[in-house]
Amino acid sequence: MAAGKSEARKAATAYFRTARPFPALVTLLGLVYFAWVVFWPQSVPYQSLGPLGPFTQYLVDHHHTLLHNGYWLAWLIHVGESLYAMVLCKSKGITSGRAQLLWFLQTFLFGIASLSILIAFRPKRRKQT
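Predicted, not measured: the structure shown is a model, and the values here were computed from it.

> What's the story with the packing of aromatic side chains in this structure? I'm lost.
The geometry of an aromatic ring pair comes down to the distance between the two centres and the angle between the two planes. Here the structure, examined in full by the defined rule, presents 10 aromatic pairs. A ring pair is formed by Tyr 15 and Phe 121, whose centres lie 3.7 Å apart and whose planes are at 10°; its orientation type is stacked. Of this pair, Tyr 15 sits in the loop between helix H1 (2–13) and helix H2 (21–39) while Phe 121 sits in the segment after helix H6 (112–120); the two residues are 106 residues apart in sequence, bridging distant segments of the chain. Phe 121 carries the same exposure label as Tyr 15, and that label is buried. Relative to Trp 36, the ring of Tyr 33 lies with its centre 6.3 Å away and its plane at 80°, an arrangement referred to as edge-to-face. Residue Tyr 33 and its partner Trp 36 are both found in helix H2; the two are separated by three residues, about one turn of the helix.

Okay, here's the thing in structure tokens:
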């Protein structure tokens with residue numbers, strides 16, 4: 001029984017789960033599309049994008065500075081989420097350097113799709129006697 005508790009505690013210190021595929025894909029595609037529109041707007045096939053095309057074209061033509069600033073703000077938010085993931089790792093007892101690095105990188109790329117998993121993690125607490 002003591003070995004089981006020790007293994008469970010060790011597993012909690014190295015806890016990592018990959019983000020769910022659909023939310024992660026939506027986030028990643030959104031960031032890629034955002035970069036494409038901000039840095040290479042002349043190459044975007046607006047007419048082939050359905051309702052998103054004319055809206056994006058309008059934003060590029062009339063609010064390019066806002067798009068550019070929004071792009072960098074999105075990455076800044078992802079950095080903030082990644083740093084918060086590190087704080088959560090420490091507060092939840094995830095001490096494995098590898099697990100912390102994976103949480104940081106995954107949260108940096110996928111944002112809330114990753115961070116929500118870490119927020120929901122409830123480590124088993126030791127009973128104090």
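The discussion continues.
> Before we go on, may I ask you to explain the packing of helix H4 (residues 64–91) against helix H5 (residues 97–110) in this structure?
When two helices pack together, their arrangement is given by the angle between the helix axes and by the axis-to-axis distance. At their nearest, the axes of H4 and H5 sit 8 Å apart, and the two run at 155° to each other. Regarding the angle of H4 to H5, the classification is roughly antiparallel. You can see that H4 and H5 cross each other, and the crossing is right-handed. Contacts from Trp 75, His 78, Val 79, Glu 81, Ser 82, Leu 83, Ala 85, Met 86, Cys 89 and Lys 90 in H4 reach Gln 100, Trp 103, Phe 104, Thr 107, Phe 108, Leu 109 and Phe 110 in H5.

> Mind showing me how you'd approach H4 here?
Every α-helix carries 3.6 residues per turn, so stepping three or four residues along brings you back to the same face. Counted at 1.5 Å a residue, the expected span for H4 with its 28 residues is 40 Å, and the 41 Å between its end C-alpha atoms agrees. Within H4, burial applies to Leu 67, Tyr 71, Ala 74, Trp 75, His 78, Glu 81, Ser 82, Ala 85, Met 86, Leu 88 and Cys 89. Elements in contact with the buried residues of H4: H2, helix H3 (52–62), H5 and H6. Looking one or two residues beyond H4, the residue adopting positive phi is Gly 93, at roughly 80°.

What counts, and at which threshold
Residues numbered from 1 in each chain as written. Predicted model: local features only at pLDDT ≥ 70, side-chain atom pairs only at ≥ 80, totals over all residues. Heavy atoms only, no water. Phe/Tyr/Trp six-rings, centres within 6.5 Å; stacked < 30°, edge-to-face > 60°. Helix = DSSP H or I, 4+ residues; strand = E, 2+ residues; numbered from the N terminus. Buried < 20%, exposed > 50% of the residue type's maximum accessible area, 1.4 Å probe, protein only. Axes fitted to C-alpha atoms, helices over the stretch in contact; angles between N-to-C directions. Parallel < 35°, antiparallel > 145°, perpendicular 65-115°, else oblique. Left-handed = near helix turned anticlockwise from the far one by under 90°. Contact = heavy atoms within 4.5 Å. Expected span 1.5 Å × (residues − 1).

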